[in-house]
Amino acid sequence: MANGEKMTAQKAFSEFAKRFARSSQSTDDSKVRIVHENTLIQQKINALEEDFVAEAISSYNKYVNPFRTFGKTSRTAEAIDNDEKDLLCAYNLFKAVNDANNSIGNNQTFIKIDSVHSPLVNREIYTLGGEFIYLQCWLRYCKQITDFVPILKSTEKNLETIWTLHFVSPKKVSWSFQEQEIIAVLESNFHPQ
């Protein structure tokens, strides 16, 4: 600091807040890039990042328009289309009960809906395969449903894993690092704000 003067804690915090405000208002949305001094390692890092982005875009395209991706008679496209319908149906059911609680129920009389039964919970591609993020993004971006986020929860019962579908407030969702990266890729490539 100039002139060797010491800052008070309040002044230091104020300076930090000003700098943080300036940096958060920056228009540079670029992702922090990993840079390595070894050229070969850097090329591998870049290739992995490019592969990740390409895979996220390809996977999401399957959900945005499955019949264009796989063909009009594809069973895979039909399965994805059915999964999207099942998710939308589950959301509509959950939303109807939630709205009824808000309009008809009160603090003492209400319906408690913990989960929605859906065939999605029996699909390993979603429960174990990591594809559920694309259905979540499809619901959010393609159907413009932002009040609740579908999540899958697992519980162990008699040495068996039981999966259930829930809808939660977006504020309560704890995205994994990989899910955050996928969402960032999809937002920048499909849904810029």
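Residues numbered from 1 in each chain as written. Predicted model: local features only at pLDDT ≥ 70, side-chain atom pairs only at ≥ 80, totals over all residues. Heavy atoms only, no water.

What about the nonpolar core?
For step 1, the next point in the chain: Among the nonpolar cores identified, the biggest contains 29 residues, and Leu87, Tyr134, Leu135, Leu165 and Phe167 are the most heavily contacted of them.
For step 2, the next point in the chain: Listed by contribution, the elements that provide at least two residues to this core are α2 (39-64), α4 (75-103), α6 (132-142), β2 (160-168) and α7 (177-189).
For step 3, the next point in the chain: The greatest single-element share of this core, amounting to eight residues, is contributed by α6. (Core = buried A, V, L, I, M, F, W, Y, C linked by side-chain atoms within 4.5 Å. Buried < 20%, exposed > 50% of the residue type's maximum accessible area, 1.4 Å probe, protein only. Helix = DSSP H or I, 4+ residues; strand = E, 2+ residues; numbered from the N terminus.)

A word on the side chain of Ser74
For step 1, the next point in the chain: With respect to the helices and strands, Ser74 occurs in the loop between α3 (66-70) and α4.
For step 2, the next point in the chain: On the accessibility criterion, Ser74 (14% relative accessible area) is buried.

Thoughts on the pattern of salt bridges
For step 1, the next point in the chain: For the structure shown, the criterion picks out six salt bridges.
For step 2, the next point in the chain: The salt bridge involving Asp147 is made with Lys95; its shortest N-O contact spans 3.0 Å. Taken together, the residues span a long stretch of sequence, with Asp147 in the loop between α6 and β1 (149-157) and Lys95 in helix α4 at a distance of 52 residues.
For step 3, the next point in the chain: Assessed through its relative accessible area of 29%, Asp147 is described here as partly exposed. (Salt bridge = Lys/Arg side-chain N within 4 Å of Asp/Glu carboxyl O.)

A closer look at the packing of aromatic side chains
To describe a pair of aromatic rings, one takes the distance between the centres and the angle between the planes.
For step 1, the next point in the chain: Summed over the entire model, instances satisfying the criterion amount to six aromatic pairs.
For step 2, the next point in the chain: A centroid spacing of 4.9 Å and a plane angle of 80° characterise the contact between Phe94 and Phe148, whose relative ring orientation is edge-to-face. Of this pair, Phe94 sits in helix α4 while Phe148 sits in the loop between α6 and β1, placing them 54 residues apart in sequence.
For step 3, the next point in the chain: For Phe94, a relative accessible area of 7% puts it in the buried group.
For step 4, the next point in the chain: When its relative accessible area of 15% is taken as the criterion, Phe148 is described as buried.
For step 5, the next point in the chain: For the pair Tyr126 and Phe132, a centre-to-centre distance of 6.0 Å together with 70° between the ring planes defines the contact as edge-to-face. Each member of the pair, Tyr126 as well as Phe132, is classed as buried.
For step 6, the next point in the chain: The rings of Tyr91, Phe94, Phe148 and Phe167 are connected pair by pair, giving a single aromatic cluster. (Phe/Tyr/Trp six-rings, centres within 6.5 Å; stacked < 30°, edge-to-face > 60°.)

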